[in-house]
Every structure is written in structure tokens, then in C-alpha cells.
Number of protein chains: 4
Amino acid sequence: MDKYIFELTLKVRDYECDLQGIVNNANYQHYLEHTRHEFLSSLGVSFAGLHEQGVDPVVARIHMAFKTPLKSGDEFISKLYLRKEGIKYVFHQDIFRKEDLKLVVRASVETVCVVDGRLRESALFDQLFAPFLI
Amino acid sequence: MDKYIFELTLKVRDYECDLQGIVNNANYQHYLEHTRHEFLSSLGVSFAGLHEQGVDPVVARIHMAFKTPLKSGDEFISKLYLRKEGIKYVFHQDIFRKEDLKLVVRASVETVCVVDGRLRESALFDQLFAPFLI
Amino acid sequence: MDKYIFELTLKVRDYECDLQGIVNNANYQHYLEHTRHEFLSSLGVSFAGLHEQGVDPVVARIHMAFKTPLKSGDEFISKLYLRKEGIKYVFHQDIFRKEDLKLVVRASVETVCVVDGRLRESALFDQLFAPFLI
Amino acid sequence: MDKYIFELTLKVRDYECDLQGIVNNANYQHYLEHTRHEFLSSLGVSFAGLHEQGVDPVVARIHMAFKTPLKSGDEFISKLYLRKEGIKYVFHQDIFRKEDLKLVVRASVETVCVVDGRLRESALFDQLFAPFLI
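Read on for a plain summary of the structure. In this text, all values refer to a predicted model and were calculated from it rather than measured experimentally.

**Some thoughts on the environment of A:Ser122**
Residue and element names in this part refer to chain A.
Then step 1. In this structure, Ser122 sits in the loop between strand E6 (118–120) and helix H3 (123–129).
Then step 2. With a relative accessible area of 10%, Ser122 lands in the buried category.
Then step 3. Considered as a pair, Ser122 and Asp74 are 48 residues apart in the sequence and their alpha carbons are 37 Å apart.
Then step 4. At 3.0 Å, the side chain of Ser122 forms a polar contact with the backbone nitrogen of Phe125.

**A short note on the relation of the copies chain A and chain D**
Then step 1. For the pair chain A and chain D, the best superposition has an RMSD of 0.0 Å and corresponds to a rotation of 180 degrees with a translation of 0.0 Å parallel to the axis. Here the transformation between the copies is reduced to the relation of a two-fold axis. In terms of proximity to the rotation axis, the leading residue of chain A is A:His63, whose C-alpha is 2.3 Å off the axis.
Then step 2. The fraction of interface residues of chain A whose copies in chain D are also interface residues reaches 100%, indicating that both copies meet through the same surface.

**A short note on the interface of chain D and chain C**
Then step 1. Listed by partner, the interface residues are 17 residues for chain D and 17 residues for chain C.
Then step 2. Of the roughly 1400 Å² buried between chain D and chain C on both sides combined, carbon and sulfur atoms contribute 48%.
Then step 3. Taken together, chain D and chain C are joined by 4 salt bridges.
Then step 4. Linking C:Glu16 and D:Arg13 is a salt bridge whose minimum nitrogen-to-oxygen distance equals 3.4 Å.
Then step 5. Our count for the chain D to chain C interface comes out at 8 residue pairs in polar contact (both at pLDDT 80 or more).
Then step 6. Broken down by secondary-structure element, the contributors of at least two residues to the side of chain D that touches chain C are strand E1 (6–11), helix H1 (25–42) and helix H2 (47–52) of chain D.
Then step 7. The element contributing the most residues to the side of chain D that touches chain C is H1(D), with 7 residues.
Then step 8. Class assignment for the residues of the side of chain D that touches chain C results in 6 nonpolar, 5 polar and 6 charged.

Each value, and the rule that gives it
Residues numbered from 1 in each chain as written. Chains lettered and ligands numbered in written order. Predicted model: local features only at pLDDT ≥ 70, side-chain atom pairs only at ≥ 80, totals over all residues. Heavy atoms only, no water. Helix = DSSP H or I, 4+ residues; strand = E, 2+ residues; numbered from the N terminus. Buried < 20%, exposed > 50% of the residue type's maximum accessible area, 1.4 Å probe, protein only. Polar contact = N/O pair within 3.5 Å; in protein donor to acceptor, adjacent residues only side chain to side chain. Least-squares fit on C-alpha atoms with pLDDT ≥ 70 in both. Contact = heavy atoms within 4.5 Å. Buried area = accessible area lost by both parts, 1.4 Å probe. Salt bridge = Lys/Arg side-chain N within 4 Å of Asp/Glu carboxyl O. Nonpolar A, V, L, I, M, F, W, Y, C, P; charged D, E, K, R; others polar.

Okay, here's the thing in C-alpha cells:
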């Protein structure tokens, strides 16, 4: 049974590759962020909208293991599931090369919620994410 | 009759927005580049592959007019057509907001071909692009 | 006599280079923006501070000619002067490779001021920039 | 006694801030990479030059803890020291806000060396880094 609850298929853009001819590592962080925001969006929540209401989900900690580099022309599937740990929501995010489903990046991303400048439990997220927690 | 010969639909990624809450201008240049490379790709030509063969299309000059800013969540359609002017291929590229087809950016991008470090006519491009020139 | 009124020396960062092994064109737009903002900063004006006050200088139009590509390790000098044309401030911005002062990019950047969402003459900018206009 | 062996002072560029008005997390990865490459450069080694010789240092794993966000206008000091662990060189990299030396990001970056496409011990790095290992 698949643990992932959301996925997004994307394609490498050439400007994301660096002089080694592979996607620059920082861009994987962009891919992961975009996947989380699209997940929120699929639940009807806009990241920009949250910010305007004074609610800012922020990343407290990120771990990334780089397994197979993506290159120009590669398509990839970015998948996630999440767990609650204390006040934090931890997103487990894996990126696979579409062609052969080889693991590209394995990441865990600990996020917390800042409301009006202060670290807070977020009733909104608790409610939104409840269906996805075991 | 539509003059455009290629189009690509994309969505703003939140990290592309800056502190003004709109897409940072430099990212439009990324969108334009990605559209040209996907156009090449649709013709069976890989930009990275060209580089490995010592053929580097480069931008000599770019003009961009910024009409309507894109925001978080916006989808947009990036369209292009091209003209040959002397040794240069000029890409005319327009970006429209998908929601209302409002013009976002109007650009012209003059490209030349560098082969083994020297400015050259490219037989490859002449052949590839012939069907799209009037 | 030198027409430039502000300059900034920077160094290429490797992640700014793409798979062609040279600085990706969109990054020159970043360099130009950063130079303008540092110029403002030298006058005691913060771009982010302006935004918080509802004043957003925006780029209406940009022209860039790419003359010599920068590579990994290159230092460069980014210079500017400005002219007022109607409601617009036009920044003339040139980037030179430090090593041999070769011209890298020649750009003109037309900016306008949006105050509370509307295009406006900006008394602030008129006052700030007066000493630099001929 | 200070454990750091290299440091670099940089300033936030406005385009590095996202719609939350703070530096986008992926940019810290850029800062860390640039610091490592400048460290290499201080030892007379060019990252791009290595690539041309078929030697590619790559990041296998990265851990980042985000403590205090940087904002527009902030200057920061990016420091590092390194340890060898088996075949890996682990860079310990901390970023401090210049104004009050508050910790911004604490990171560890595990790097390995790929020579002609294969994971290798690098005699070059062993020799270069020997003076900095305890």
C-alpha cells in the first residue's frame, strides 16, 4: 500500500542545471517547496493567502539525501506524506525520475506555524491534515 | 489567424515571487528561455545535447515589456513565433495570464549561434526553423 | 568625464552558471536589480521599506544586450546612471568584467512608481534623484 | 578557540526574498555552496576547473536547521569547518546575522568526490584539506 498522499509530475528546466550539467542542489529544495504548496492548494489553501492573514508556515529543519542527479530533459515525480510530531508537521518527500522511477532525492521537512510572529499550534492545519495522519 | 507557432502552459511557483508579492522580473526571462527550449525539444532537438556537440545558441539581445504582474497561483500561457533577420533568429514571445488572457510580458529575443566558440550561421537551425518562417 | 553615478563590484557565484558553463542570462537581470537597490540603499532608501509604505517601484521595460559572457570565478563591476523621461526613470546600466573592463552587458531599465496600486509621479524619487539628473 | 577555518561576509539581495518577505530557504543552500566554493578558491582550487578535469565534488546529504530568518538589507557571515568521515568530507556550516551574530542557519553538508563518473577517494582533497583536519 502506498504511503504517499500527494504527487506532482514536473520537468527539469535547463536553467535549473549548473555547470556540472545536472540540476543544482538548491533547486530540489524549490521542487519540494512547490510540491508542498501545490498539496496545500489541492486542499483549497493558498500559501500567499495564508501570509496575508498573518499565518506563515515555516520550515524549521530539512534533511535531504541526494541519490541520483536529474539532468536536462528529465521528468520527475515529487511525492509526499506527512506526520505530526508535537507541534511540528513533518513532510516526508521523495522525488523519483519518471523514466525509471529511480530515487532522486529523499527528504524530510519539519514545518512549524508562525501566527502573527509567534510559534503556534494551527487549528487550521490540524483540521486540514487530520485525514492524512494515521 | 494566429501567428504563434508554439505555446506552453505553466503555473507560478511561490518561490518565484519576491517581497513585492509578485513574480520577480528575472523569472520571466526564465519562463521565456524554458519556452524556447521546449519548442526546440518539440522539434526533437535538445539544448543540452547541442552544447555537448559544441553548438551553443546564445541570446544576443532581449527586450521585455512588463504589462501585468503574475502572482502566486496564477497560470499563464507562454507563446512564441520567430523571424530570421540576417544571421539572427528573433523569437517573439508573449506571456498571457490564463484566467483572462491579459498580456503579462511582451518580449523579443535575438539569438545567434556559436559553434566551437565562433559566431556562425547554423544549417541545423535554418533547416529546423524553415517551416515556421514566412 | 564619467557619466556613471554608482557602481558595485560583485563576483560570479557558481550556481549562477548554467549547463553552458556561463552565467545564465536571467542572472544579469538579478545583478542589475541588486545594483539599483544598492544605489537606493546608498541614498538611505530601502526597497523593502518602500513596499511596506505602499510604494512599489516597478520595471516597465528592459533592454539588455549581452556582449561577453561571465564565467565561474569572474569579478565584475556593475555601473549605472539615470535619466528622467516623462513619468519614467530610466536606469542605464552597464556591467564590465573586472579583469579587463570588457563590456559584459549593456542595459536600459525603465521604471515607474506604483503607489497604493496606482501609477504615480513620486515626489520622493524626484527629490532623491534630482542631484543625479543633468 | 574558534573551530571555523573559513568565513565569508555577504549581504541579502532583495530577489532572494520571497512573498513572506524573508530569504527563501533554498537560497541558504546557495549561500552554503558559494561559501564552500570560495573556500576551495582560497586554496587555489576552482570548482569549474575541477569539473573540466572530470572531478566533481557532489553533495550526498545535507541537514539544515533554520533558526532566524534573514531579511532585505541584512548582512551575514557564513562560516565553515570540516571533518573527514570515511570517504566523505563533512562541511559544518553556520550562518550568523552580522548585526547581532544571531544564528541564522546551522548546517552539515556531506560531500563525496565523483571522478570520471565514479565515487572515489580524492588524493587532491585529502592533501588540500589535511591542514584543516584535527
